[in-house]
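Residues per chain are reported as follows:
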There are 2 protein chains.
Amino acid sequence: MISKEEYERLAQAACQYYKRAGIVLTTAEKERIEIADFGLQDVEHTGLQLIVYVNTDRVCAKEMVLLPHQTCPEHKHPSTGALPGKEETFRCRYGRVYLYVAGEKTPNPHCRPPHGSEAYYTVWREIELNPGEQYTLFPDTLHWFQAGSSGTVISEFSTHSTDETDLFTDPRIKRTPEISEGI
Amino acid sequence: MISKEEYERLAQAACQYYKRAGIVLTTAEKERIEIADFGLQDVEHTGLQLIVYVNTDRVCAKEMVLLPHQTCPEHKHPSTGALPGKEETFRCRYGRVYLYVAGEKTPNPHCRPPHGSEAYYTVWREIELNPGEQYTLFPDTLHWFQAGSSGTVISEFSTHSTDETDLFTDPRIKRTPEISEGI
Ligand SMILES: [Zn+2]
Ligand SMILES: [Zn+2]
């Protein structure tokens, strides 16, 4: 849960990033920017801002903002039975993002996990994405990402989003209620 | 089929539109911009430029450019048996696009079909999309669209794209070979 003041501050910061990235949002969209704090009460370090453009049964597209060094914590999108998990492509639009996936550990990675959460970051193959660069993640693969020092704007093109089914490495994380009371 | 010279000219024009829209492409992407002329040998009027970001079995994302008054001709994405047809969301990023779908005819629509192709434009409910505005099309629904006088850049978020299965109202249209010899 974040306060109404914190929501306003982060949503406005996100709007500035969208503007810098040349991304136009409607007034209605600006009023429904979401903040994910992942339940850790430390949104500056573990959190992200986003606007969901569309999320039907088959297709989802959103635009995420991460402030400088802000982190989306490690998770995966599990398949269940015959139902394949979420597939997502991240495309960097502004700034720089470091994406970490399973595979051989990158020596001297650029990022450190948020303080106190180190145990819950286990994949260390680093993929650096600058504007125009992208990476596709298939279901059931652990990943996390962190903005560089200028923050970042990232488009996500994916199958249907259901945050409830995301599996986070950190058992303290709750993904569901993103926005605070009264918003 | 378009000439190599025409390809270069249109691809460069598309790059300028992407730049104006604040969209960053990698060098590799700029070199694989596609031109769809729909086989009508009149690409200035019936055609579009595009870059496909990703097209997996489940998710497709692309960014289209239409020059002033350039038209994507009327078509639909049919379902076949249990397999649902393509679903697409168009999001205007720059300029203005007029999208036409089935429904009550809009009085005094802003666009006219390309000269000589009038018979193959049958749906006339007009949806105007300005930057930040979007519209989702479900399978099996006829649609066509035309850029306004400033041209347009449109993101498309969709399920898997298979141009071969698109059904065009105009029987003269061939969608497949987009780029001319040697490119
Ligand atoms: Zn994910
Ligand atoms: Zn279509």
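Residues numbered from 1 in each chain as written. Chains lettered and ligands numbered in written order. Predicted model: local features only at pLDDT ≥ 70, side-chain atom pairs only at ≥ 80, totals over all residues. Heavy atoms only, no water.

As recorded in an unreviewed UniProt entry, chain A goes by D-lyxose ketol-isomerase and comes from Lucifera butyrica. UniProt, in its Cofactor (unreviewed entry) section for chain A, records the words "Mn(2+)". Database annotation for chain A, UniProt heading Catalytic activity (unreviewed entry): "D-lyxose = D-xylulose". (UniProt positions renumbered as here; feature names shortened; annotations may be inferred.)

Turning our attention to the overall build of chain A. Each helix and strand in chain A was counted, giving two helices and nine strands. Across chain A, helices and strands are ordered from the amino to the carboxyl terminus as α-α-β-β-β-β-β-β-β-β-β. Against the globule reference of 16 Å for 183 residues, chain A gives a C-alpha radius of gyration of 15 Å, in line with a compact fold. Judged by the C-alpha coordinates and their principal axes, chain A covers about 45 × 40 × 35 Å. Out of the 183 residues belonging to chain A, those deemed buried represent 54%. Sequence separation of 24 or more characterises 75% of the internal contacts of chain A that already satisfy a separation of 6 or more. When the accessible surface of chain A is split by element, carbon and sulfur atoms take 53% of a total near 8200 Å². Mean positive and mean negative side-chain charge positions of chain A (19 and 27 charges, respectively) differ by 4 Å. (Helix = DSSP H or I, 4+ residues; strand = E, 2+ residues; numbered from the N terminus. Rg over C-alpha atoms; globule rule 2.2 N^0.38 Å. Buried < 20%, exposed > 50% of the residue type's maximum accessible area, 1.4 Å probe, protein only. Contact = heavy atoms within 4.5 Å. Areas by Shrake-Rupley, 256 points an atom, 1.4 Å probe, with all protein chains shown as cover. Lys, Arg positive; Asp, Glu negative; His and termini not counted. Charge placed at Lys NZ, Arg CZ, Asp CG, Glu CD.)

Right, let's talk about the relation of the copies chain B and chain A for a bit. Between the two copies, chain B and chain A, the superposition gives an RMSD of 0.0 Å; the rotation angle is 180° and the shift along the axis is 0.0 Å. The operation mapping one copy onto its partner corresponds to a two-fold rotation axis. The position closest to the rotation axis in chain B is occupied by the C-alpha of Gly22(B), lying 2.4 Å away. (Least-squares fit on C-alpha atoms with pLDDT ≥ 70 in both.)

Now for the coordination of the zinc ion (ligand 1). Residues and elements named next belong to chain A. In the first shell of the zinc ion (ligand 1), the protein supplies His75 (NE2), His77 (NE2), Glu88 (OE) and His143 (NE2), at 1.9 to 2.2 Å from the metal. Counting along the primary sequence, the residues that act as donors to the zinc ion (ligand 1) give the motif H-x1-H-x10-E-x54-H. Neither residue differs from the other here; His75 and His77 are each classed as buried. (Donors = N, O, S within 2.8 Å, 3.2 Å for Na, K, Ca; no water.)

Any two side chains of opposite charge can pair if their charged atoms end up close together. Residues and elements named next belong to chain A. Under the counting rule described, the total for this entry stands at 20 salt bridges over all chains. The closest approach of N and O atoms between Glu44 and Arg9, which form a salt bridge, is 2.5 Å. In this pair, Glu44 sits in the loop between β1 (34–36) and β2 (48–55) while Arg9 sits in helix α1 (residues 4–20), placing the two residues 35 residues apart along the sequence. Under the relative-accessibility criterion, Glu44 is labelled partly exposed at 34%. Owing to a relative accessible area of 43%, Arg9 belongs among the partly exposed residues under this scheme. Three or more residues are tied together by salt bridges with common partners; here these are Lys62, Lys86, Glu88 and Glu156. (Salt bridge = Lys/Arg side-chain N within 4 Å of Asp/Glu carboxyl O.)

Unlike most non-glycine residues, Phe38(A) shows phi in positive territory, near 60°. Residue position: Phe38(A) is located in the loop between β1 and β2.

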